Amino acid sequence: MAGAAEEREPGPAVGEQLQEQHVACQVFPERLAEGKPLRGFISSLSKDQKCQLMLQKTLETNPYVRLLLDAMKHSGCAVNKERHFSCEDCSGNVSGGFDSSSSQIVLCQNNIRNQAHMNRVVTHELIHAFDHCRAHVDWFTNVRHLACSEIRAANLSGDCSLINEIFRLHFGLKQHHQTCVRDRAILSILAVRNISREVAQKAVDEVFESCFNDHEPFGRIPHSKTDARYAHRDFQNRDRYYSNI
Ligand SMILES: [Zn+2]
């Protein structure tokens, strides 16, 4: 089930780049032999250190991530850097994944290119972790549950926002954000499930309306870091209000 992405033939360089843009996440990655380094110890160590440093910066400064960490804590699922994140080498061009069996976020240190990429991957995977925490998600047997979380992750993580801005400027397409969210959710499902595109599309379409409009814990679609900062402030105020009554 989880091996679909690994079984794909590696494409040419351009194809890989295109795929990498779309398949940002793999829920339940088939993890390599317990994170053993693929190459020499030294190069793996430096990759791991780089991954750890970028992760640290993301956890400390990114407003999307700060809000999600607060929300997880508020829901009784406090996130611990050492316990809940793992920098690993991944096969294919997957950037990250959420392993629900261990409640761990896998960061693909060989595919995460820079700090902005790390920010997006951690945000996307934390939305899956948040869904896992707040609801009884049946990741393995109910494809609509997976579809819902992928819709929310694509919608709220900013995965579609930059593209959205460019398209709005150039083409004025209001629907582009929704189209982007739908397409990304379908691709993410196809990366981890051995099902047809039609079945994935059907699952996404069945839950799209309600899951696209579920903005928790942001309370809005954060299209920028500024939006995310406002959302975080509102969340903290809401939190304070409820803890006082
Ligand atoms: Zn995902």
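- Per an unreviewed UniProt entry, the protein chain goes by Mitochondrial inner membrane protease ATP23 and derives from Chrysochloris asiatica.

### Some words on the pairing of strand E3 (residues 104-108)
Then, in step 1: Among the five residues of E3, four are classified as buried, and the element is accordingly described as predominantly covered.
Then, in step 2: Summarising the sheet, strand E2 (residues 96-99) and E3 pair through four bridges and their orientation is antiparallel. Residue pairing in the sheet places Asp-99 in a bridge with Gln-104 of E3.
Then, in step 3: Taking the residues that link successive antiparallel strands as the turn, the E2-E3 hairpin has four residues, and the phi of Ser-103 there is positive, at about 50 degrees.

### Description of the environment of Ala-116
Then, in step 1: Within the secondary structure, Ala-116 sits in helix H6 (residues 115-134).
Then, in step 2: Sequence separation of Ala-116 and Thr-58 is 58 residues, and the distance between their C-alpha atoms is 8.7 Å.

### Digging into helix H9 (residues 176-192)
Then, in step 1: Over its 17 residues, H9 extends 25 Å from the first C-alpha to the last, a length consistent with the 24 Å expected when each residue adds 1.5 Å.
Then, in step 2: Every buried residue of H9 is accounted for by His-177, Cys-180, Val-181, Arg-182, Arg-184, Ala-185, Ile-186, Ser-188, Ile-189, Ala-191 and Val-192.

### Here's the deal with the nonpolar core
Then, in step 1: If you look at the biggest cluster of nonpolar residues, it comprises 54 residues, and the most contacted ones within it are Leu-68, Leu-107, Ala-147, Ile-151 and Ile-189.
Then, in step 2: The greatest single-element share of this core, amounting to eight residues, is contributed by helix H7 (residues 143-156).
Then, in step 3: Residues in contact with Leu-107, not counting those within four places in the same chain, are Cys-51, Leu-55, Phe-85, Ser-86, Cys-87, Gly-96, Ile-112 and Val-121.

### A short note on helix H4 (residues 63-74)
Then, in step 1: Between its first and last C-alpha atoms H4 spans 16 Å; for 12 residues at 1.5 Å apiece the expected length is 16 Å, and the two agree.
Then, in step 2: Inspection of H4 places Pro-63, Tyr-64, Val-65, Leu-67, Leu-68, Leu-69, Ala-71 and Met-72 among the buried residues, and these make up the whole buried set.
Then, in step 3: Just downstream of H4, Gly-76 is the residue with a positive phi angle, here 85 degrees.

### Some words on the packing of H7 against helix H10 (residues 197-212)
Then, in step 1: Relative orientation of the contacting elements H7 and H10 amounts to 50 degrees, with a least axis distance of 9 Å. In terms of their interaxial angle, H7 and H10 are classed as oblique. Both H7 and H10 take part in a crossing whose hand is right-handed. Residue-level contacts link Val-143, Arg-144, Ala-147, Cys-148, Ile-151, Arg-152 and Asn-155 of H7 to Ala-203, Val-204, Glu-206, Val-207, Phe-208, Cys-211 and Phe-212 of H10.
Then, in step 2: Its residues placed into classes, the contact of H7 with H10 shows 10 nonpolar, one polar and three charged.

### Comments concerning the packing of H6 against H7
Then, in step 1: Their axes nearest at 9 Å, the elements H6 and H7 cross at an angle of 140 degrees. Viewed along their axes, H6 and H7 adopt a mutual orientation that is oblique. The hand of the H6/H7 crossing is right-handed. In this structure, H6 contributes His-124, Ile-127, His-128 and Asp-131 to the contact, and H7 contributes Ser-149, Arg-152, Ala-153 and Leu-156.
Then, in step 2: Among the residues making up the contact of H6 with H7, the classes are represented as three nonpolar, three polar and two charged.

### Details of the environment of Asp-48
Then, in step 1: With respect to the secondary-structure elements, Asp-48 resides in helix H3 (residues 41-61).
Then, in step 2: Here Asp-48 falls in the partly exposed class, since 18 other C-beta atoms lie within 10 Å of it.
Then, in step 3: With 61 residues separating them in the primary sequence, Asp-48 and Gln-109 have C-alpha atoms 6.6 Å apart.

### With respect to the sheet that holds E3
Then, in step 1: Ordered by their spatial adjacency, three strands build an open sheet running E1-E3-E2, and the pairing between neighbours is mixed. Looking at strand neighbours, the two that pair on one side only are strand E1 (85-88) and E2, the edges of this open sheet. Strand-to-strand twist of the sheet, defined as the mean angle between neighbouring strand axes without regard to direction, takes the value 20 degrees.
Then, in step 2: Bridging between E1 and E3 involves four bridges; their strand directions are parallel. Looking at E3, one finds that Cys-87 is bridged to Leu-107.
Then, in step 3: Contacting E2 and E3, H6 runs over the sheet at an angle of about 20 degrees to E2.

### Looking at the environment of Asp-227
Then, in step 1: Relative to the elements of secondary structure, Asp-227 occurs in helix H11 (residues 225-243).
Then, in step 2: For the pair Asp-227 and Pro-63, spaced 164 residues apart in sequence, the C-alpha separation works out to 8.9 Å.
Then, in step 3: With sequence-adjacent residues up to four places away left out, Asp-227 is seen in contact with Arg-220 and Pro-222.

The rules behind these values
- Numbering of residues begins from 1 in every chain and follows the order in which that chain's sequence is written.
- Given that the model is predicted, a residue must reach a pLDDT of at least 70 before its local features are reported, and side-chain atom pairs must reach 80 or more before they are shown or counted; all residues, however, enter totals for whole chains, interfaces and linings.
- We call a residue exposed when 12 or fewer other C-beta atoms sit within 10 Å of its C-beta, buried when the count reaches 20 or more, and partly exposed for counts in between; the C-beta positions come from the backbone.
- Helix numbering and strand numbering both begin at the N terminus, where a helix is a DSSP run of H or I of at least 4 residues and a strand a DSSP run of E of at least 2.
- Pairing between two strands requires that DSSP report at least two bridges joining them.
- What a helix is expected to span follows from its residue count: subtract one and scale by 1.5 Å.
- For our purposes the nonpolar core covers buried Ala, Val, Leu, Ile, Met, Phe, Trp, Tyr and Cys residues that link as a set through C-beta atoms within 7 Å.
- Residues are defined as contacting one another if the C-beta atoms placed from their backbone atoms lie within 7 Å.
- Simply put, an axis is a line fit to the C-alpha atoms, just over the touching stretch for a helix, and the angle between two N-to-C directions goes from 0 to 180 degrees.
- For this classification, under 35 degrees means roughly parallel, over 145 means roughly antiparallel, 65 to 115 means roughly perpendicular, and everything else is oblique.
- Here a crossing is taken to be left-handed if its near helix is turned anticlockwise relative to the far helix by less than a right angle, and right-handed if that turn runs clockwise.
- Polarity classes work like this: nonpolar for Ala, Val, Leu, Ile, Met, Phe, Trp, Tyr, Cys and Pro, charged for Asp, Glu, Lys and Arg, and polar for all others, with Gly in that last group.

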